[in-house]
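Okay, here's what each chain looks like letter by letter:
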Amino acid sequence: MTTRDSSMISVEEARDRILAFFRRLDPERKPLIEALGQVLAEDIVAPFDIPPLDNTAMDGYAVRAADTTGASEAAPKVLKVVADLAAGYILETPVGPGEAVRIMTGAPMPPGADAVVPFEETDEPLRDVGETPHKGDTVGIFKAAKPGANIRFRAEDVQHGQTVVPAGRLIRASEIGVLASAGLTHVNVYRRPVVAILSTGDEITEPGQPLLPGRIYDANAHSVAALVKSYGGIPRLLGIAKDTVEDLTAMIRRGLDADMLVTSAGVSRGDFDVVKDVLAHEGAIDFWTVRMKPGKPLAFGAFKAPDGRRVPHLGLPGNPVSSMVSFELFGRPAIFTMLGRSDWERPLIRAITRDTVVNVDGRRFYARCVVSKGDDGRYYADLTGPQGSGILTSMSAANALTVIPEDLPEARPGDEIDVMLLDG
Ligand code: AMP
Ligand code: MG
């Protein structure tokens, strides 16, 4: 029930104020692969040694290293092949002096053997195709093996009881592999946030509906939903609210079971829209002017849900580029925080601009650009044409945003600037 129109704030201040509201969500139990991109909510401790037994790292012959001393191609050491061992099988009979076991990668080391001689260091490749030494045959060893050669030792990856993946770790493909190798099928991860998305404005039309004169199709709900999804949230499209108190109020209420509500348009200073009134009446909200371009107006507040929860609300500007850039800077960190991720800061890289970037109004300029590597191995930035905040194709052509500081009125061709890479 409060409305405050403060003077300009920095991007960081806006982000800090927003993030102060967010906490990571509750854990949920998920099948391993579905947990990709979520954050582990428990320490995972190895239930056994990995690998569980000493095993061979190569296809070859398990031998007693001492039997191979002095072996060479000219004077091979000849050993008797006593068994042929595939991965997945155990040999209990010990390998005696003068004996070898033909063994496949991953097969547990037979007792008595302390080294593996790869096929390439034996006479096996010299034989005819399909002709391999079988039980009772002999094999010529061409090279002495040191004890331990080509063996993967029990517990060399992970020891029983050791934490294999700690709580707080983002689950990527490699974590899924590690967890599967520890025998897990499910893990506890922090839940993905559900983000309700509402477009506002009498002129906004749902794609698929006929476009009346003076109307435009809804770009924002769709681009923002796609951003929500790519940053790990679950988008829920509420539709389009007309600029009337009744419609907007009803639509907002439908989104209050979400973890966050995002609206677009109607938050500009002196806006004709009723959005500001409704937002202020239905919840606590701040309207900010953020020192950035595109996307100066921004609203942030909270609505009270019927169950008593306070649902955070991010009010994006209406212009499609402003809306996307604002969501990138403020919505993405909020989603990451709810997911339990603290790595929301995008790394900046230095690139040489090939264009003049004019920045006269004291705001941080996130111009759409393409960053590519030049023949000299350095990164270059090329603007993607007209930078109007309604020109969404300039965003589509871009893979990065320039980060021109508030106090830099112009960057000239050849100047090194910061850029924020968007893809990934
Ligand atoms: P407003 O913030 O309501 O003043 O809107 C600023 C500009 O963004 C106007 O030109 C709107 O028509 C446009 N706009 C608002 N919402 C959307 C939307 N969902 N999709 C595309 N353009 C929009
Ligand atoms: Mg409007």
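Placed above this text is the structure.
Residues numbered from 1 in each chain as written. Chains lettered and ligands numbered in written order. Predicted model: local features only at pLDDT ≥ 70, side-chain atom pairs only at ≥ 80, totals over all residues. Heavy atoms only, no water.

**Regarding the sheet that holds strand β5 (residues 60-63)**
Read across the open sheet, the 5 strands follow the order β8-β5-β7-β6-β9; overall the sheet is mixed. The two strands at the open ends of the sheet, each matched to only one other strand, are β8 (115-118) and β9 (138-141). Each adjacent strand pair in this sheet contributes to an overall mean axis angle of 40°, direction not counted. Note: strand β6 (residues 77-85) against β9, 4 bridges, orientation antiparallel. When the sheet's bridge partners are listed, Val-78 is paired in β9 with Gly-140. (Pairing = 2+ DSSP bridges. Helix = DSSP H or I, 4+ residues; strand = E, 2+ residues; numbered from the N terminus. Axes fitted to C-alpha atoms, helices over the stretch in contact; angles between N-to-C directions.)

**Concerning the sheet that holds strand β26 (residues 379-383)**
A barrel is described by the order of its strands in space; here 5 strands give the closed sequence β22-β26-β25-β27-β29, paired in mixed fashion. Put simply, the sheet's adjacent strands are angled 55° from each other on average, direction ignored. Where strand β25 (residues 368-373) and strand β27 (residues 400-403) come together, 2 bridges link them in antiparallel fashion. From the neighbouring strand, Cys-369 faces β27, where its bridge partner is Ala-400.

**Let's talk about the pairing of β27**
Residues of β27 alternate between two faces, with Ala-400 and Thr-402 on one and Leu-401 and Val-403 on the opposite face, all of them buried. Sheet topology places β27 next to strand β29 (residues 416-421); 4 bridges connect them, and they run antiparallel. The residue bridging Val-403 from the neighbouring strand is Asp-418, located in β29. (Buried < 20%, exposed > 50% of the residue type's maximum accessible area, 1.4 Å probe, protein only.)

**A short note on the side chain of Asn-359**
Checked against the element boundaries, Asn-359 lands in the loop between β23 (357-358) and β24 (364-365). The class of Asn-359 is buried, set by a relative accessible area of 1%. Separated by 3.0 Å, the side chain of Asn-359 and the backbone oxygen of Arg-363 make a polar contact. In contact with Asn-359, other than residues within four places in its own chain, are Lys-293, Phe-365, Ile-404, Pro-405, Glu-406, Leu-408 and Pro-409. (Polar contact = N/O pair within 3.5 Å; in protein donor to acceptor, adjacent residues only side chain to side chain. Contact = heavy atoms within 4.5 Å.)

**Quick look at unusual backbone geometry**
Here Ile-50 and Pro-51 are connected by a cis peptide whose omega angle stands at -10°. Locating Pro-51 in the fold gives a position in the loop between β3 (44-45) and β4 (55-56). The omega torsion across Lys-293 and Pro-294 is 0°, close enough to zero to call that bond cis. Inspection of the secondary structure puts Pro-294 in the loop between β19 (292-293) and β20 (297-304). The phi angle at Asn-150 is positive, at roughly 60°, despite the residue not being glycine. Mapping Asn-150 onto the fold places it in the loop between β9 and β10 (151-152). Look at Ala-155: it is not a glycine, yet its phi comes out positive at around 65°.

**As for helix α1 (residues 11-19)**
Burial in α1 covers these residues: Val-11, Ala-14, Arg-15, Ile-18 and Leu-19. Down the axis of α1, the sector holding all buried residues measures 125°, keeping them to one side. Summarising the contacts, the buried residues of α1 are in contact with β18 (283-289), β19, β20, β21 (310-316), α6 (320-339) and β24. (Arc of directions from axis to C-beta.)

**Considering the environment of Asp-49**
Inspection of the secondary structure assignment puts Asp-49 in the loop between β3 and β4. Residue Asp-49 is classed as buried on the basis of its relative accessible area of 14%. Separated by 105 residues in sequence, Asp-49 and Arg-154 have C-alpha atoms that sit 6.6 Å apart. Leaving out residues up to four positions away in the same chain, Asp-49 has contacts with Arg-154, Ala-155, Val-158, Gln-159 and His-160. A polar contact is formed between the side chain of Asp-49 and the side chain of Arg-154, at a distance of 2.8 Å. Polar side-chain contacts of Asp-49 include one of 2.8 Å to the backbone nitrogen of His-160.

**Some thoughts on the pattern of salt bridges**
Under the defined criterion, the tally for this structure stands at 24 salt bridges. For Arg-253, the salt bridge goes to Glu-282, with nearest N and O atoms at 3.1 Å. Taken together, the residues span a long stretch of sequence, with Arg-253 in helix α4 (residues 245-254) and Glu-282 in helix α5 (residues 275-282) at a distance of 29 residues. Glu-282 sits in the buried class, given a relative accessible area of 16%. Arg-309 is the partner of Asp-307 in a salt bridge, and the nearest nitrogen-oxygen pair spans 3.2 Å. (Salt bridge = Lys/Arg side-chain N within 4 Å of Asp/Glu carboxyl O.)

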